[in-house]
Amino acid sequence: MATETLKQFHRLPQSTYIDALRFLPPLSAFDRYVVVAAFNSDTDESAIGIHALNPTDAPTLTLQSSFTTSSRISSLKVAQKSLQSPLIAASTFAGSLHILFPNPIDASFESEVSIPEKMLHLGPISSLDLQESGSACVSVGEDGRVNLISVSDSGLDYRRVFDSKGLVSYTAARWASPTEFATGGLGNSLQWWDQRRPGGPVSQFKGNWGEGASCGVVHSIDIHPSRKHTCLAGGSYGSVFAWDLRRPQQPIILSGIGSGETQTLSSSDVWEVQFDTFMTTSIISSERVLPVMMCSEDGILAVIKQGEEATEILAENCAINSFDIDRHNPADVICSLEWESIAILTRT
Amino acid sequence: MPGLLTGSGDSSALVPFSPEANTPAVYPLHHGLKPPIAPRLSISWSSGNSIRVSVFRSPETTKTTDGEAEVGGKVVELKVSGEDVVSEVNDAARWRRIVYGSVSPFAHLQNKKNAMAALSELRHSAPSEVEWSKYVLEYSKEINSLLGNRKSSPSPLIEDPKTVLKNDEEPSCLKAAWELLEIFYANKQSHSWIPEQLVDWLTDYDSLFTGQVPAVHSRLVEFQTKLINIQTVENEAAYWQAISSALSIGWLDISVKLLRLHGSYQLNQLGSRETENGLVEAVAVLISKMPRMRVDLPDGKLGECYYNKSDFMKAWEKWRAQITKLDCSAYWLQCSHNQTKENLKNLLQIMLGNTTTLTNATCHWLELYIAHFLYIRPFTSGLESMHVLAQKCMQLKPTSSPHKLMNLIVGILGENTEVVLAECSKSFGPWMIAHATELLTAGSIQAEILLKEQRDNLGGVSIEESHRLVYAQVLSSHALTWQIAPIYLISCMKHGVGLLEILLYKQPVYHSQILLKNIEICRLYDLDSASANAMKIAGVHDWKHGRKGSGIFWLQQAGDELRLNRIAQTLFDFVGKSISDESFEQWEGLIELMGSESRTAGGLEFLHKYRDFKKSLQQVEGGGVTDAARKTCESLILIMKNPSTPQRFWLPLMYDSLKLLTWREGPLLNVSQTNLLLNKLQELSVAKLRPDFIKVELPAHALNSVMLALATNLGRAILEE
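Treat the numbers as computed from the prediction; the structure is a model and nothing was measured. (Residues numbered from 1 in each chain as written. Chains lettered and ligands numbered in written order. Predicted model: local features only at pLDDT ≥ 70, side-chain atom pairs only at ≥ 80, totals over all residues. Heavy atoms only, no water.)

**Side note on the interface of chain B and chain A**
Here is the rule: In what follows, a contact means two residues having at least one pair of non-hydrogen atoms within 4.5 Å. The quantity reported as buried area is the accessible area (1.4 Å probe) lost by two parts once they are put together, taken as the sum for both. A pairing counts as a salt bridge when a side-chain nitrogen of Lys or Arg comes within 4 Å of a carboxyl oxygen of Asp or Glu. Secondary structure elements follow DSSP: runs of H or I no shorter than four residues count as helices, runs of E no shorter than two count as strands, and numbering proceeds from the N terminus.
Contact residues are listed per partner, giving 35 residues for chain B and 35 residues for chain A. Here chain B meets chain A over a buried area of about 3,000 Å², counting both sides, of which 52% is carbon and sulfur. The tally of links between chain B and chain A comes to five salt bridges. Where Asp42(A) meets Arg96(B), a salt bridge forms, and the shortest distance between an N and an O atom there is 3.4 Å. When contributions to the side of chain B that touches chain A are tallied by element, the ones reaching two or more residues are α2 (92-123), α23 (512-524), α25 (548-558) and α27 (581-594) of chain B.

Here is the structure:
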């Protein structure tokens, strides 16, 4: 496996456990901010904070503002309405959902709207995704419910799209277009939903449910805006695979055990996958899956390109729980480590 | 480790435990239940330091509440906060940083140890001592760097001449203790430089003694605060005392700096005090030229380094000759400032190694000890002679309440591993001792035997293992560090794996994140049964809380045939009952989830057939038409013939079809078909003896009725043929 040389790498110890983190779309031309969902084990408090990132040789994170939540954050997403200020969506393990609007001038929280616990889901919200325009949110849970939440100036409004009554548990969700989204669940299963065709998923990938040891849980999904037919998923036992709606029965396995010819980067849970927008060289043919970045329980942060050797970026001693690629400067990656720290790196 | 810590009063206790009975604290418990509450409480440890209290209502009261549904009990979790693991590092987050950081050096060293042992076994030779001590030193340095960096604050551009001591980061006793162990145990290569290493050590950590005993550091701090208000320093006794103290413990740079504050350096004084100034400067130069038996000196420190013993010897003699020469010089007579003259001579005495002067200049015995190394016996080597010297110093400067670092040094010098262990454990806690044993055993066979010998009074484990187990216990008590405990447990040969399994069982796996972590740990250490158990617990929890899909998934992952069969049973019970559209969807979905594995009783194929059979049976029972009944019989035989039909459904199937077996219009089954069913009954009676036989809930007379019906049918069929 190739390893990538980094232009910069810094590990910033925190005094809280980092549940999730995202780059915030720029509020102004000069500032860079990171949204961090942290859990303080000493005080049992969870909070979403905006930190200013000062990009020097020794970067620092300075807390600008903080919003306390009643429970730990299970999922954190950011979006930006065209040329307006960004918004932050977060779901909690207790089942509440919060939408926060940061003030573009001082990065304080201007306002917050939320849906309390037990309204959307029974138990935790396992994943949520915010539409790129910031106007709608999809939330899924292990209780088998799929909810759509519309975000408007007047507040939040939600409706239940589907309820499997516990027969299917969903663990990941991702928008594909303003009307379509994908969800993932147990047994490496994926579902494709279209709001124009209500009543249930329009297409399903069954995964390898029931095949014994190698059967896992999907932890994260990503869909590239330019290739909406391909759904990228990462889950248990190091599996990373792409599901092409045009060939729904044949997943393209990018990494994982039992994948035959393909490599195995990790055999632990893959916590997050994202299409890597940082391109250094060749243009990727439309037949191939776009480059993918993944982070895993055994501390691997790597980029996988179909048909090529994977590039390992980090190999940490502890789990990498989540990461985010800066959309405006894709060389920069930020990730949260299990041992209460944040890593910031710049690729060459 | 219950059992091991009992008998804490006697001296064999390994872990400090204060037997003083504290007055029990009473906390009210907010469970929100209406009285009366039956006196039924269940108390158990939850994850980390939480206590889980389950409060049950008495069953009668729950029954009598009519109208509103009331809960039968409540589970409350209490977080117990106590003293910190190490009182020294009172910031919990900083403490966890040390915990996290020490994992990888520890694991790395264990891997190396195992690899070396395997290699030496292969070659039938003892593992290389030199190589091993290299690894241990590496390990020690890594751990040391975790305990804090002594990065001095950047020096200001314009240095204040009146700032004698720099305000560095507060050093910690933990780091000081670790460095001591490193000097004596890990750093084998530089054993001949132990005296100079101790000088450096005291330079860094003298401030730690301040709180408990008077120390040179505090004397200097005190003097520095006064310094701003003093006009002519050389008239102050404190000034000279500060210089002599600093010089006595080898803080050459500070003493020179202080000397140069002497009034004779001032331009307007220079003319009248020329000789005096010359003497001060001569002493200052002599101080800065002091020969040191070491490789190099850090920036800003004074002295001249000699690597070679004979070179050092020559320089040392020469230096002392120069001091004696100055001492006997005639210039002293021309020095009019009496205090300067007296005190400069005193400084010369320090450098010449006058025991009385050194004793007066230093504050506690450790400082005197260091002064001895510097000015009297620079060649002291060997722990024995160092120990004798230490005892002499302790006699000269006795302390009533010795500092914990002093106790540690005495233990090390006395070559008493037990004392060192006890001091480490008493003063620095389980983290220290779990990590320091690696240093203690490095290169000392005696210590290795002591630490690694299995002891009956410790339940058959060695001292080393018991300390690791204690540390793992500490780690397990915190929600963020419990996942580190396996690394330490797995290095314990005897009880490690067993305790690891207990730790894993204790985790609340109904939180999916914890379940996944649990599975991952089991995967790393090949604990398949523990992982299967965790999945079973999670599966049953999910099933009970309505997440049926997730429940089945985890039970399938765990390979829990028993519970899957139970679920299949409930599914089977469903079949045949009046199925509304909604519930039909539910159980159809469940059948889908159960999969069609041949091993599983809930095979998809069978369930479909079973459902169809039940449906047609219902039609027959509704109003019997012989043709329909005959068809139903055919499907009964088909199901019975099918190998995927679970054995335990044979009897219920036949019992359900009693009406068919005793069909009024004539036998529906021919002789061979009846024989098939009879054979199945026979097989069942044999299977009953097997331990894995699953009993089906049927009326007691079911078997007899079926046998009677079959016998009747057989008779009628024979007659008919």
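**Remarks on the nonpolar core**
As a reminder of what qualifies: Take the buried residues of types Ala, Val, Leu, Ile, Met, Phe, Trp, Tyr and Cys, join any two whose side-chain atoms come within 4.5 Å, and each joined set is a nonpolar core. Throughout, exposure labels follow a simple rule: accessible area from a 1.4 Å probe, protein chains only, divided by the maximum for the residue type, with under 20% read as buried, over 50% as exposed, and the rest as partly exposed.
Of all hydrophobic cores here, the largest spans 171 residues; its most connected members are Leu301(A), Trp201(B) and Tyr369(B). Sequence-distant contacts of Leu301(A), defined by excluding residues within four places in its chain, comprise Met293(A), Met294(A), Cys295(A), Thr311(A), Glu312(A), Ile313(A), Leu314(A), Ile320(A), Phe323(A), Val333(A), Cys335(A) and Leu345(A). Counting residues in each nonpolar core, the second largest holds 29 residues, with Leu617(B), Ala629(B), Trp650(B) and Tyr655(B) among its members.

**Quick notes on the sheet that holds strand β10 (residues 109-115) of chain A**
All names here are of chain A. The criterion, for reference: If DSSP finds at least two bridges between two strands, the strands pair. Convention adopted: a line fitted to C-alpha atoms gives each axis, helices being fitted over their contacting stretch, and angles between N-to-C directions are expressed from 0 to 180 degrees.
On the basis of which strands lie adjacent, the open sheet formed by four strands has the order β7-β8-β9-β10 and antiparallel pairing. The open sheet has two free edges, formed respectively by β7 (73-80) and β10, since each of these has just one partner strand. Strand-to-strand twist of the sheet, defined as the mean angle between neighbouring strand axes without regard to direction, takes the value 20°. Pairing of strand β8 (residues 86-92) with strand β9 (residues 97-102) involves four bridges; the strand directions are antiparallel. Across the sheet, Ala89 pairs through a bridge with Ile99, a residue of β9.

**Here we look at α25(B)**
All names here are of chain B. Judged by how many residues are buried, α25 sits mostly within the fold: 10 of 11 residues are covered. Within α25, the full set of buried residues consists of Gly549, Ser550, Gly551, Ile552, Phe553, Trp554, Leu555, Gln556, Gln557 and Ala558. Just downstream of α25 lies Gly559, where phi reads positive at about 65°.

**What about the pairing of strand β2 (residues 50-56) of chain B?**
Residues and elements named next belong to chain B. The element β2 is extensively covered by neighbouring structure, given that five of its seven residues are classed as buried. The pairing of strand β1 (residues 40-45) with β2 spans six bridges and is antiparallel. Across the sheet, Ser42 pairs through a bridge with Ser54, a residue of β2.

**Comments concerning the packing of helix α32 (residues 671-687) of chain B against helix α33 (residues 702-720) of chain B**
Residues and elements named next belong to chain B. Going by this rule: An angle counts as roughly parallel when it lies under 35 degrees, as roughly antiparallel when it exceeds 145, as roughly perpendicular when it falls between 65 and 115, and as oblique in every other case. By the definition used in this description, the sense in which the near helix is turned from the far one sets the handedness, with an anticlockwise turn below a right angle giving left-handed and a clockwise turn giving right-handed. Charged residues are taken to be Asp, Glu, Lys and Arg, nonpolar residues to be Ala, Val, Leu, Ile, Met, Phe, Trp, Tyr, Cys and Pro, and polar residues to be all remaining types, Gly included.
One can describe the packing of α32 onto α33 by two numbers: an axis separation of 9 Å at closest approach and a directional angle of 155°. Considering their axes alone, α32 and α33 lie roughly antiparallel with respect to each other. As α32 runs across α33, the sense of the crossing is left-handed. Packed against α32, whose contacting residues are Val671, Thr674, Asn675, Leu677, Leu678 and Leu681, the element α33 presents Leu703, Val706, Met707, Leu710, Asn713, Leu714, Ala717 and Ile718 at the interface. Residues belonging to the contact of α32 with α33 are distributed by class as follows: 11 nonpolar, three polar and no charged.

**Some remarks on the packing of aromatic side chains**
As a reminder of what qualifies: Between 30 and 60 degrees the pair is tilted, below 30 it is stacked and above 60 it is edge-to-face, where a pair is any two Phe, Tyr or Trp rings, Trp via its six-membered ring, whose centres lie within 6.5 Å.
A full pass over the atoms with the stated rule returns 25 aromatic pairs over all chains. With centroids separated by 5.5 Å and ring planes inclined at 5°, the aromatic side chains of Trp339(A) and Tyr100(B) adopt a geometry described as stacked. With Trp339(A) in the loop between β28 (332-337) and β29 (341-347) and Tyr100(B) in helix α2, the pair connects residues from two separate chains. Residues Trp339(A) and Tyr100(B) agree in their burial class; the two are buried. Seen from their ring centres, Tyr239(B) and Trp240(B) are 5.0 Å apart, and the 70° between their planes marks the pair as edge-to-face.

**With respect to the side chain of Thr437(B)**
With respect to the helices and strands, the residue Thr437(B) is situated in helix α18 (residues 417-441). Non-local contacts of Thr437(B), meaning those with residues more than four positions away in its chain, are made with Leu421(B), Leu451(B) and Glu464(B).

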